[in-house]
Amino acid sequence: RKEVEQDPGPFNVPEGATVAFNCTYSNSASQSFFWYRQDCRKEPKLLMSVYSSGNEDGRFTAQLNRASQYISLLIRDSKLSDSATYLCVVIPYGGSQGNLIFGKGTKLSVKP
Amino acid sequence: DAGVTQSPTHLIKTRGQHVTLRCSPISGHKSVSWYQQVLGQGPQFIFQYYEKEERGRGNFPDRFSARQFPNYSSELNVNALLLGDSALYLCASSLHEKLFFGSGTQLSVL
């Protein structure tokens, strides 16, 4: 079983749609969780951290369920500029910011 | 301020050759990490260095090696290149709790 698994995608949605990405992680001792965004042929960039209490940044909401080892990302009112690959990321137990475990990524295409 | 810089941006090598990739972290960042991203996959951790010491190593063969210099820049070396080493190699530097990636070196092995 892979350490971090994501929806296979791709997700093709119209502008204005709400889209949800899911991710599961295998190691219950994992300590920190993130969503990164990666545009085609570019480097990954931090989108947001994920906390058990849930956190929101504008149109983006992230949620962590430690009991189910499940992480989610919700994007409301999708924009064309949201088209990218979204990577679920975990810091393993004993790891640090320099040692991240990435999921395979889910590609999102927002169409006019 | 300059971000994480990597060189070269693109590289073409043949099987069996070796390659050296370079990375300069953001000024003040003492930790450098290397990742390999094969097309269609997420980045995979290779090495982390902090204050010139190896802090972590991913599941890569001994053909992969790295080092960090006193100015915190870093090199990733890959010997005896295989076709499967073709990938985007990403360097990242970190300070405290935030990680910043360079734009990567695209390596093609023919």
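Residues numbered from 1 in each chain as written. Chains lettered and ligands numbered in written order. Predicted model: local features only at pLDDT ≥ 70, side-chain atom pairs only at ≥ 80, totals over all residues. Heavy atoms only, no water.

Some words on the overall build of chain A
Definition in use: Counting from the N terminus, the helices are DSSP H or I runs at least four residues long and the strands are E runs at least two residues long. Every radius of gyration here is taken over C-alpha atoms, with the globule rule written as 2.2 Å times N^0.38, N being the number of residues. Burial classes: relative accessible area under 20% of the type maximum marks a residue as buried, over 50% as exposed, and values in between as partly exposed (1.4 Å probe, protein chains only). Residues are treated as being in contact if the distance between any of their heavy atoms lies within 4.5 Å. Per-residue and other accessible areas follow the Shrake-Rupley method at a 1.4 Å probe size, with only the shown protein chains counted as cover for residues. The charged-residue count follows a simple rule in which Lys and Arg add positive charge and Asp and Glu add negative charge, with His and chain termini not counted at all. By convention, the charge on Lys lies at NZ, on Arg at CZ, on Asp at CG and on Glu at CD.
Helix and strand counts for chain A stand at zero helices and eleven strands. Counting helices and strands in the order they occur from the N terminus, chain A gives β-β-β-β-β-β-β-β-β-β-β. Over its C-alpha atoms chain A spans a radius of gyration of 13 Å, differing by no more than 12% from the 13 Å that the globule rule assigns to 112 residues. With the principal axes as the frame, chain A shows a C-alpha extent of 45 × 30 × 25 Å. Counting the 112 residues in chain A, one finds 46% classified as buried. The contacts of chain A with a sequence gap of at least 6 include a subset with a gap of at least 24, amounting to 56%. Roughly 5,500 Å² of accessible area belongs to chain A as shown, and the carbon and sulfur atoms make up 48% of that amount. In chain A, 13 positive and 10 negative side-chain charges are present, and the distance between their average locations comes to 5 Å.

Notes on the packing of aromatic side chains
How two aromatic rings sit relative to each other is set out by the distance from centre to centre and by the angle between their planes. Quick note on the threshold: Here a Phe, Tyr or Trp ring, Trp counted by its six-membered ring, pairs with any other such ring whose centre lies within 6.5 Å, and the pair is stacked when the planes are under 30 degrees apart, edge-to-face when over 60, and tilted otherwise.
Scanning the model with the defined rule gives twelve aromatic pairs over all chains in all. The interplanar angle of 35° and the centroid separation of 5.2 Å between the aromatic rings of phenylalanine 21 of chain A and tyrosine 86 of chain A together place this pair among those described as tilted. With phenylalanine 21 of chain A in strand 3 (residues 19–25) and tyrosine 86 of chain A in strand 9 (residues 84–91), this residue pair connects regions lying 65 residues apart in the sequence. Here phenylalanine 21 of chain A and tyrosine 86 of chain A have matching classes, each one buried. Members of the aromatic cluster, joined through ring pairs, are Tyr36 and Phe102 of chain A together with Tyr35, Phe45 and Phe101 of chain B.

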